[in-house]
Structure formats: C-alpha cells, structure tokens
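Topology and contacts: notes
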Amino acid sequence: MTTGAPLAVFEQLDLPDTSLTRDAYAYAARATPAFVFHHSVRSYVFARAHARNQSLRAGADYDDELLFVSCVLHDIGLSEEGNGDQRFEVDGADTAAVFLRERGVDERRIAIAWDAIALHTSDGIAVRKGSEVVLAQAGIGTDILGARRESLPPGLADDVHALLPRLDLGYALSDAILTQAEAKPQKAPPLTFPGELLRRHLPYGAHPAWYDLLAAAGWGDKPVGATARRRAETPQQVATLFMEYLEAADIEGLVSLYEPNAHFVPTPGTHLVGTDAIREALQQMIDSGARLTLELREIRHVGDVALVSNNATLTGVGPEPVVSTTTEILRRQPDGGWVHVVDDPFFS
C-alpha cells in the first residue's frame, strides 16, 4: 500500500481506501498541478453524491474503486507524462490504462475506466455507457460547470472546497489545455472541446469551424433553401443584401440580416431591440416604397466581429432623400454568415 496519500484526506472525505485507490491518489498528486489534482478528487466526491441521490449502491450498482480511479485520473492527460499527440482526454485514458495494467487490473475494468476518462467531455455519449462512466462525467461536470450542484447534500461543496481549494479551476484548466494545444495543434482537432478552446485563441480563420471545413471539402456544396438567402459571406455583403431585399420587398430576407436581439435605429431617436420590433419597422419601409443606397465608407474587421460605416441615402420615405453615415456592428454567425448586432444610421 502506498504511504504517500495522507490518511486524513481519506478519512475526512470517506474515500474508498484500497491499495489501488491509494496508488492512483499518489500518482495524480505527483503528476498533476494542485488545481487539477484537487478537481479530480472533488469530482469523485460529487460523483458519489449523485450516485447516492439516485439510490445507487457502491459495490452493487457501481464499482466504487473504479469510479474513484477514473475520476482521480481523468485529467492525467494534462500531466507531462500523459501529454502525447492525441486529445488530452484520449491521452489521459491511454495513460490511465497503462497505470491500471501495471497493477494487474483486469481488462474489463480497464476498458470501463478508459471510457470514463476518454468520454468525460463527450455529452450525449458518456451517458449511454456504464454506471461508472455516467457518474464520473456527472461529478466532473458538477465541479467544472456547476451542473446539478443543487442536488448535492447541503454543505458538501463547502466542506470539500475547504479541504481542496478550487484555485480558479475553470480558467486554470482551460489554460492547461491551451498550452498543450498550442504546442501540438493535433491535440485540438476542429469540432472538439480542445479545438473550440484553441480556435478562440488564434487569429480569425487560423483554426477552421464546421462551415470552414465544408467550404474546404472540395465537393462544391452550397447552402440551400432559406440558408442560402440569409448568408452574407463577408461583412461588406450585408449592405448588398439589404439593398436587394428592400428592393424585392423581402421582409424575411431583411429580418434575417439581424441577430434575434439586435439593435436598430430606423429614424433619429427611435431605438428598437429584437426581431419583432425590427420586422415591423422594416415592413413600414417596404410599404412606403423606400429605396436605399449604401456605399462603404470604413470597415474594421477583427475575428468574428466587424465595425462598418456606410454612406447611406434613403429615398421614398419623404419629399427629400435622407442622407446619413451609418454605424453598424456585424457578427459572424455559426453558419459563417454575417448579420447585424447594431444598425444605427444616425449614431454619428
């Protein structure tokens, strides 16, 4: 039995006390920084609480020793020795499997631990596996994102945090994943949790999202149906589409150029927020026979956000043209198209 794991912690948290759990505890304490190690132990405590809340019995409904080991080693892929060339979750699962195999754990149990570790960030998949996998993800999710924290016994979170401080876990863990991914981008493939973290910390376009992958597939697929009408491929194309939709009296096309909670100023002093109000104002423009000319004046484009200023000339709403300089904030949407967040022709 390993002697490096303080007996007091096992007693205070009532951790499963076996040679294997002691070894796993000592290994995680040695190999990972404190914020990872504390998180890993807390995840087990919360997982066990969820099990009890569901009337699941250790030894009958789930393997408590295996649940503990899976939780304590679930982020071992963020350690130096666990840092391979795969996603940190998969590197961690492989590293844990070696650790368990060296201690004579049978392959059936190793496979369960592998799933629990490799799938702990895979919502919708882990819950379809065995009890240990489901409970491990539940405990980890509680400690990271507060998922189901309201179902924990009163005072449990305070007690475990007093013993194992958080140390700004959420952000510290994100930084650890990013550090690995920046050094080895193959560890953060597109559409994965590590990939999404990496994408948001790289220059715009450096790490592809879903629609970027479709565009690069080489098959020539194009958006279809309403999506094709709504999508402005660049910030500059929003103005082009606005003029086209207004001339065609296409109210849904015009509305599609705004986020659901966008801000729109159709006339000086009139500030509208949200799809319904914007639709009504745009319909009034259509009914009046308005026509709009927009000429690009300035643009500042940073990542998924663009600040645009157009010279605007609106006719058909009065005896004289309305001339203004617009201030527009546009945002790139998940499908790659650009729409308004703020559209104020009179801000200046």
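Described below are features of the structure shown in this document. (Residues numbered from 1 in each chain as written. Predicted model: local features only at pLDDT ≥ 70, side-chain atom pairs only at ≥ 80, totals over all residues. Heavy atoms only, no water.)

**Some remarks on the overall build of the chain**
When you go through the chain residue by residue, the secondary structure sums to 15 helices and 7 strands. Along the three orthogonal principal directions, the C-alpha set of the chain runs to about 90 × 45 × 35 Å. When the 348 residues of the chain are sorted by exposure, 46% land in the buried category. (Helix = DSSP H or I, 4+ residues; strand = E, 2+ residues; numbered from the N terminus. Buried < 20%, exposed > 50% of the residue type's maximum accessible area, 1.4 Å probe, protein only.)

**Comments concerning empty space enclosed by the protein**
In total, this model carries 3 cavities of 30 Å³ or more according to the counting rule given. Considered as a void within the structure, the largest cavity measures approximately 210 Å³ in volume. For the lining of the largest cavity, the secondary structure elements donating two or more residues are helix 13 (235-247), strand 3 (291-302), strand 4 (305-315), strand 5 (322-325) and strand 7 (338-344). Looking at the lining of the largest cavity residue by residue, the class counts come to 14 nonpolar, 4 polar and 2 charged. (1 Å grid on protein atoms, 1.4 Å probe; cavity = no way out; pocket = protein on both sides within 12 Å on 5 of 7 lines; lining within 4 Å. Points joined across faces, edges and corners; volume = space filled by probe spheres on them. Nonpolar A, V, L, I, M, F, W, Y, C, P; charged D, E, K, R; others polar.)

**Some thoughts on helix 15 (residues 275-288)**
Look at helix 15: 20 Å from first C-alpha to last across 14 residues, which is about the 20 Å you get at 1.5 Å a residue. Buried within helix 15 we find Ile278, Ala281, Leu282, Met285 and Ile286. Taken end-on, helix 15 shows its buried residues confined to a sector of 145°, consistent with a single buried face. Facing away from the buried side of helix 15 by over 90 degrees, the exposed positions are Asp276, Glu280 and Asp287. Buried positions along helix 15 lie against helix 13, helix 14 (251-255), strand 1 (258-264), strand 2 (272-273) and strand 4. (Expected span 1.5 Å × (residues − 1). Arc of directions from axis to C-beta. Contact = heavy atoms within 4.5 Å.)

**Considering a nonpolar patch on the surface**
A grouping of Leu191, Trp210, Leu213 and Leu214 is seen on the molecular surface, where their side chains present a nonpolar patch of about 380 Å² in accessible area. Locating Leu214 in the fold gives a position in helix 11 (residues 210-215). By relative accessible area, which is 38% here, Leu214 ends up partly exposed. (Patch = residues over 30% accessible without salt bridge, like charges linked within 9 Å, V, L, I, M, F, W, Y side chains within 5 Å. Areas by Shrake-Rupley, 256 points an atom, 1.4 Å probe, with all protein chains shown as cover. Salt bridge = Lys/Arg side-chain N within 4 Å of Asp/Glu carboxyl O.)

**Here's the deal with the layout of surface pockets**
The volume enclosed by the largest pocket comes to roughly 580 Å³. Along its surface, the largest pocket is lined by 22 residues, and His120, Thr121, Gly141, Ile144 and Leu145 are the ones closest to its centre. Among the secondary structure elements, those contributing two or more residues to the lining of the largest pocket are helix 7 (131-145), helix 9 (169-183) and helix 10 (193-199).

**Re unusual backbone geometry**
Positioned with a positive phi, Leu167 is a non-glycine residue whose angle comes to about 60°. Topologically, Leu167 is positioned in the loop between helix 8 (156-163) and helix 9. The class for Leu167 is partly exposed, based on a relative accessible area of 44%.

**A look at the packing of aromatic side chains**
Taken as a whole and assessed by the stated rule, the structure comprises 7 aromatic pairs. Pairing Phe10 with Phe68 gives two aromatic rings, centres 6.2 Å apart and planes at 45°, and the pair type is tilted. Taken together, the residues Phe10 in helix 1 (residues 7-13) and Phe68 in helix 4 (residues 64-72) connect sequence positions 58 residues apart. With respect to class, Phe10 is no different from Phe68; both count as buried. Residues Tyr44 and Phe68 carry aromatic rings whose centres are separated by 5.1 Å and whose planes lie at 75° to one another, so their mutual orientation is edge-to-face. Placement of Tyr44 in helix 3 (residues 34-53) and of Phe68 in helix 4 is noted, with a sequence separation of 24 residues between them. Across the pair, exposure class does not vary: Tyr44 and Phe68 are buried alike. Ring-pair connections join several aromatic residues into one group, and the members of that group are Phe10, Tyr25, Phe37, Tyr44 and Phe68. The ring of Phe10 has Arg22 sitting right over it, with the charged end atom 4.5 Å from the ring centre. (Phe/Tyr/Trp six-rings, centres within 6.5 Å; stacked < 30°, edge-to-face > 60°. Lys NZ or Arg CZ within 6 Å of the ring centre and 35° of its normal.)

**With respect to helix 6 (residues 107-118)**
A rise of 1.5 Å per residue sets the reference length of helix 6, with its 12 residues, at 16 Å; its end C-alpha atoms lie 16 Å apart and thus fit the reference within 8%. Buried residues of helix 6: Arg109, Ile110, Ile112, Ala113, Asp115, Ala116, Ile117 and Ala118, and no others. Contact partners of the buried residues in helix 6: helix 4, helix 5 (88-102) and helix 7. Two to three positions downstream of the cap, the backbone nitrogen of Arg108 sits 3.0 Å from a side-chain oxygen, assigning the N-cap of helix 6 to Asp106. (Polar contact = N/O pair within 3.5 Å; in protein donor to acceptor, adjacent residues only side chain to side chain.)

**Observations regarding the nonpolar core**
Burial of nonpolar side chains together is a common tendency in soluble globular proteins. One finds Leu15 and Leu73 to be the most contacted residues of the largest nonpolar core, which totals 47 residues. Of all elements in the fold, only helix 1, helix 2 (19-31), helix 3, helix 4, helix 5, helix 6 and helix 7 reach the threshold of two or more residues within this core. Counting 29 residues, the second-largest nonpolar core is a separate cluster that includes Leu254, Leu272, Ile286 and Trp338. (Core = buried A, V, L, I, M, F, W, Y, C linked by side-chain atoms within 4.5 Å.)

**Remarks on the side chain of Gln180**
Take Gln180: it is sitting in helix 9. Taking the relative accessible area as the measure of exposure, Gln180 reaches 8% and is therefore buried. If sequence neighbours within four positions are ignored, Gln180 has contacts with Gly77, Leu78, Ser79, Asn83, Phe88 and Lys187.

**Comments concerning the pairing of strand 1**
Looking at chain direction, strand 1 and strand 7 are connected through 3 bridges and run parallel. Residue Phe264 lies in a different strand from strand 7, and its bridge partner there is Asp343. The pairing of strand 1 with strand 2 spans 2 bridges and is classified as antiparallel. By the bridge assignment for strand 2, His263 is matched with Val273. (Pairing = 2+ DSSP bridges.)

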